[in-house]
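Structural overview
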Amino acid sequence: MKLIFTEYSIILIFLVISFILSITIFSLSYLLIPQKADQEKVSAYECGFNPFDDARATFDVRFYLVAILFLIFDLEISFLFPWSLVLGNIPLFGFWSMIVFLGILTIGFVYEWYKGALEWE
């Protein structure tokens, strides 16, 4: 137990120092800078021009769905690449656990496709 604490104590010290430093910088910036809001500061800014449209415009939820699917399959690749490099050295359990992982992702993708979430109208 002492060996683990000595190895990870540097990380703990780093986290404590970074937390204290971030709180200190945030507090100093809040205390030292005058907090006066005027019309220019609270107005929307769009590349030096007045905004063309309302900033609170609705956004189609399908874009979020495509982004989430991209992240999921991007993470899948980040798991598959190292797995494929050590495939000859891992036991049978490692092989079947990745097959189960891929099966769950495939079932989820087929479900999304079946529900029509990937269709654009």
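Residues numbered from 1 in each chain as written. Predicted model: local features only at pLDDT ≥ 70, side-chain atom pairs only at ≥ 80, totals over all residues. Heavy atoms only, no water.

- Within an unreviewed UniProt entry, the label attached to the protein reads NADH-ubiquinone oxidoreductase chain 3, and the organism entered is Gracilariopsis lemaneiformis.
- Within the UniProt record for the protein, the comment given under Sequence similarities (unreviewed entry) is "Belongs to the complex I subunit 3 family."
- The UniProt entry for the protein carries the following comment under Catalytic activity (unreviewed entry): "a ubiquinone + NADH + 5 H(+)(in) = a ubiquinol + NAD(+) + 4 H(+)(out)". (UniProt positions renumbered as here; feature names shortened; annotations may be inferred.)

**Brief notes about the UniProt feature "transmembrane region" (unreviewed entry) in the protein**
- UniProt records the feature "transmembrane region" (unreviewed entry) at residues 12-33, 61-81 and 93-114, using the numbering of this structure.
- Each end of residues 61-81 is marked by a C-alpha atom, and these two atoms are 31 Å apart; helix forms 100% of the span and strand 0%.
- As annotated, residues 93-114 has a helix share of 100% and a strand share of 0%, and its two end C-alpha atoms lie 31 Å apart. (Helix = DSSP H or I, 4+ residues; strand = E, 2+ residues; numbered from the N terminus.)

**Topic: the packing of aromatic side chains**
- Considering all chains together, one arrives at 5 aromatic pairs under this definition.
- Aromatic pair Phe79 and Phe101: ring centres 5.6 Å apart, planes at 85 degrees, arrangement edge-to-face. Remark: Phe101 occurs in helix H4 (residues 92-115) and Phe79 occurs in helix H3 (residues 61-85); sequence separation between them is 22 residues.
- Residue class for Phe101 comes out partly exposed when judged on its relative accessible area of 27%.
- Geometrically, the ring pair formed by Phe95 and Trp96 is edge-to-face, given 5.1 Å between the ring centres and 80 degrees between the ring planes. (Phe/Tyr/Trp six-rings, centres within 6.5 Å; stacked < 30°, edge-to-face > 60°. Buried < 20%, exposed > 50% of the residue type's maximum accessible area, 1.4 Å probe, protein only.)

**What to know about the packing of H3 against H4**
- Viewed as axis vectors pointing N to C, H3 and H4 meet at an angle of 165 degrees, and their least axial separation amounts to 12 Å. The pairing of H3 with H4 is recorded here as roughly antiparallel in orientation. Regarding H3 and H4, the two cross each other, and that crossing is left-handed. Where H3 approaches H4, its residues Leu65, Ile72, Phe73, Glu76, Phe79, Leu80 and Trp83 are matched on the opposing element by Gly94, Phe95, Met98, Phe101, Leu102, Leu105, Phe109 and Glu112.
- Of the residues that constitute the contact of H3 with H4, the class distribution is 12 nonpolar, 1 polar and 2 charged. (Axes fitted to C-alpha atoms, helices over the stretch in contact; angles between N-to-C directions. Parallel < 35°, antiparallel > 145°, perpendicular 65-115°, else oblique. Left-handed = near helix turned anticlockwise from the far one by under 90°. Contact = heavy atoms within 4.5 Å. Nonpolar A, V, L, I, M, F, W, Y, C, P; charged D, E, K, R; others polar.)

**What to know about the side chain of Glu76**
- Looking at the element boundaries, Glu76 is found in helix H3.
- Of the side chains with opposite charge, Lys115 comes closest to the buried, unpaired Glu76, at an N-O distance of 22 Å. (Lys, Arg positive; Asp, Glu negative; His and termini not counted. Salt bridge = Lys/Arg side-chain N within 4 Å of Asp/Glu carboxyl O.)

**Description of H3**
- The first and last C-alpha atoms of H3 sit 37 Å apart over 25 residues, in line with the 36 Å expected at 1.5 Å per residue.
- Of the residues making up H3, those classed as buried are Leu69, Glu76, Leu80 and Trp83.
- Packed against the buried residues of H3 are H4. (Expected span 1.5 Å × (residues − 1).)

**Looking at H4**
- Compared with the 34 Å implied by 1.5 Å per residue over 24 residues, the 35 Å span of H4 between its first and last C-alpha is a close match.
- Every buried residue of H4 is listed here: Gly94, Met98 and Leu105.
- Contacts from the buried residues of H4 go to H3.
- Positioned one or two residues after H4, Gly116 has a phi angle of 80 degrees, which is positive.

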